[in-house]
Every structure is written in C-alpha cells, then in structure tokens.
Amino acid sequence: MKVLLINGSPHEKGCTYTALEEIAKALNAGGVDTELLWLGNVPTYGCTGCGACAKLGKCVRDDIVNEAAEKARACDGLIVGSPVHYAAASGTVTCFMDRLFYSAGRHLRYKPGAAIVSARRAGTTAALDQLNKYFTINQMPIVSSRYWNMVHGSTPGDVRQDEEGMSVMRTLGHNMAWLLKSIEAGRAAGVPAPVQEPPARTNFIR
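In what follows, the accompanying structure is described.

## Focus: the overall build of the protein chain
At step 1: Each helix and strand in the protein chain was counted, giving seven helices and six strands.
At step 2: Listed by position from the N terminus, the elements making up the protein chain come as β-α-β-α-α-β-β-α-β-α-β-α-α.
At step 3: Taken against the 2.2 N^0.38 rule, which gives 17 Å for 206 residues, the C-alpha radius of gyration of the protein chain at 17 Å falls within 12% of a compact globule.
At step 4: For the protein chain, the spread of C-alpha atoms along the three principal axes comes to 50 × 45 × 35 Å.
At step 5: Within the protein chain, the fraction of its 206 residues that count as buried is 46%.
At step 6: Accessible surface, the protein chain as shown: approximately 11200 Å² in total, 53% of it carbon and sulfur.
At step 7: In the protein chain, 22 positive and 18 negative side-chain charges are present, and the distance between their average locations comes to 6 Å.

## Observations concerning unusual backbone geometry
At step 1: With a phi close to 55°, Tyr86 is a non-glycine residue in the positive phi region.
At step 2: With respect to the helices and strands, Tyr86 occurs in the loop between strand 3 (77-85) and strand 4 (88-89).
At step 3: Of the residues examined, Tyr86 reaches a relative accessible area of 85% and is grouped as exposed.
At step 4: The phi dihedral of Gln139 is positive, around 60°, even though this residue is not glycine.
At step 5: For Gln139, the position within the fold is in the loop between helix 5 (124-136) and strand 6 (150-152).

## A word on the packing of helix 4 (residues 91-104) against helix 5
At step 1: It is the contact of helix 4 with helix 5, at a shortest axis distance of 11 Å, that shows an interaxial angle of 10°. Regarding the angle of helix 4 to helix 5, the classification is roughly parallel. Across the interface between the two elements, Val93, Thr94, Met97, Asp98 and Phe101 from helix 4 touch Gln130, Leu131, Tyr134 and Phe135 from helix 5.

## Thoughts on the packing of aromatic side chains
Centre distance and the angle of the planes are the two values used to describe a pair of aromatic rings.
At step 1: Going through the model one piece at a time under the given rule, you end up with three aromatic pairs.
At step 2: For the ring pair Phe101 and Tyr134, a centre distance of 5.5 Å and an interplane angle of 45° mean the geometry is tilted. In this pair, Phe101 sits in helix 4 while Tyr134 sits in helix 5, placing the two residues 33 residues apart along the sequence.
At step 3: Given the relative accessible area of 12%, Phe101 is considered buried.
At step 4: Ring plane angle 70° and centroid distance 4.8 Å describe the contact between Tyr147 and Trp148, whose orientation is recorded as edge-to-face.
At step 5: Linked through ring pairs, Phe101, Tyr134 and Phe135 together constitute an aromatic cluster.
At step 6: Directly above the ring of Tyr17 sits Lys13, whose terminal nitrogen or CZ lies 5.2 Å from the centroid.
At step 7: One Lys or Arg, Arg61, reaches over the ring of Tyr45 and ends 3.6 Å from the middle of that ring.

## Concerning the side chain of Arg99
At step 1: For Arg99, the position within the fold is in helix 4.
At step 2: You can call Arg99 buried: its relative accessible area is 2%.
At step 3: A polar contact is formed between the side chain of Arg99 and the backbone oxygen of Tyr45, at a distance of 3.1 Å.
At step 4: Sequence-distant contacts of Arg99, defined by excluding residues within four places in its chain, comprise Thr44, Tyr45, Gly46, Cys47, Cys59, Arg61, Asp63, Val65 and Ala104.

The rules behind each value
- Residues numbered from 1 in each chain as written.
- Predicted model: local features only at pLDDT ≥ 70, side-chain atom pairs only at ≥ 80, totals over all residues.
- Heavy atoms only, no water.
- Helix = DSSP H or I, 4+ residues; strand = E, 2+ residues; numbered from the N terminus.
- Rg over C-alpha atoms; globule rule 2.2 N^0.38 Å.
- Buried < 20%, exposed > 50% of the residue type's maximum accessible area, 1.4 Å probe, protein only.
- Areas by Shrake-Rupley, 256 points an atom, 1.4 Å probe, with all protein chains shown as cover.
- Lys, Arg positive; Asp, Glu negative; His and termini not counted.
- Charge placed at Lys NZ, Arg CZ, Asp CG, Glu CD.
- Axes fitted to C-alpha atoms, helices over the stretch in contact; angles between N-to-C directions.
- Parallel < 35°, antiparallel > 145°, perpendicular 65-115°, else oblique.
- Contact = heavy atoms within 4.5 Å.
- Phe/Tyr/Trp six-rings, centres within 6.5 Å; stacked < 30°, edge-to-face > 60°.
- Lys NZ or Arg CZ within 6 Å of the ring centre and 35° of its normal.
- Polar contact = N/O pair within 3.5 Å; in protein donor to acceptor, adjacent residues only side chain to side chain.

Shown next as structure tokens:
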C-alpha cells in the first residue's frame, strides 16, 4: 500500500512539508509506504476546459500534473497539503487540483483522500472546505482526524511547537493506514466496488 502526499507550498521544506512529514511517519509506522511530491515554486497553469484530456488520456500541458497523474494511478491514497493564501488553498494547488481531477480523476476514484492546510493564524477551515470538494465529487472516502486537519505557525519550528496540530497530523496518518487496510481486507473477502450508475447531467435553465 502506498499514499501519495502532495506538497503544494512554494517552500519545499516549509510549514506544509513539516505537517506532511509527520503524517508520513505515522503512515510508515502503520506499514504504509509514502511518496512526497513537491509541486515546486514555478507557476502552474490552470485548466482551460479545452477537453483534450478526454482524447489524450492526460492533460495537454505536459507538466507536474501529468507526473502526479501517473503516480496517482499507482497509489492507494492521496493527501494534499497547501498553505493558506487569502483564506483559500494556494493558487498553485488550486490550478493543480482542477487539472488533476479533470484529466485524471478516474485514477483516484474510491481511493481515500485527505487535505491538510498550514496557516499563520486563520483561513484554514475555508481552505479545507475548498480542497475536500475535489474528493467528494470524485467518490473518494475522506479521511478525518480528531480535529480539522490544520497546523499553525510562520516557520517549521513554530509548526513543531503546535502540539495539537502535530497530533492531528499523526492521527490522520494512523486513520488513513487503518482505512487502507480495511479496504484491502474487503477486497480480499470479495467485496466489490460500487456499481457505477450512468451520469445524469441536468441544467437548471431549460
């Protein structure tokens, strides 16, 4: 079993990384492998709705999104981390998630997902609400913790002093490991995935 962790901060080893690292340690302790993918500190294009991914099987822009899509195909769970910018996920994470789920969401369907955010002070719950919507529209079980998945601080050292936040990260890792093992046990027992109902798209204006 393997979980892909996305670091959406422009700082490779900053506060978001510190939180994800704590989760990874808990997952590893539970027998789950992890891979951390940093999105980098260069601009990420947003989705233009061109529809090319339906024909190509991947995003027409061959960048970090397609790299993540290949890793998503092989992983069993996904955790996305973002700093809070103006009470929302960072612009890079937003552009990344739009394109990843539009072009490769099928690779993540039914796989457990979770989001974590890092902030100096506030805006965390709004950012979490934003990120969790990607999972709910894609039929992914959302992994929770004992509190909202957030850490606080201006530096990695500050985050490490956020005892409650770090506990929340560890609990999230333990819960993800437990759910992955439960899903694996279900498959071994012959429990099938849900039957897909054909989508029905309804416009509100007729």
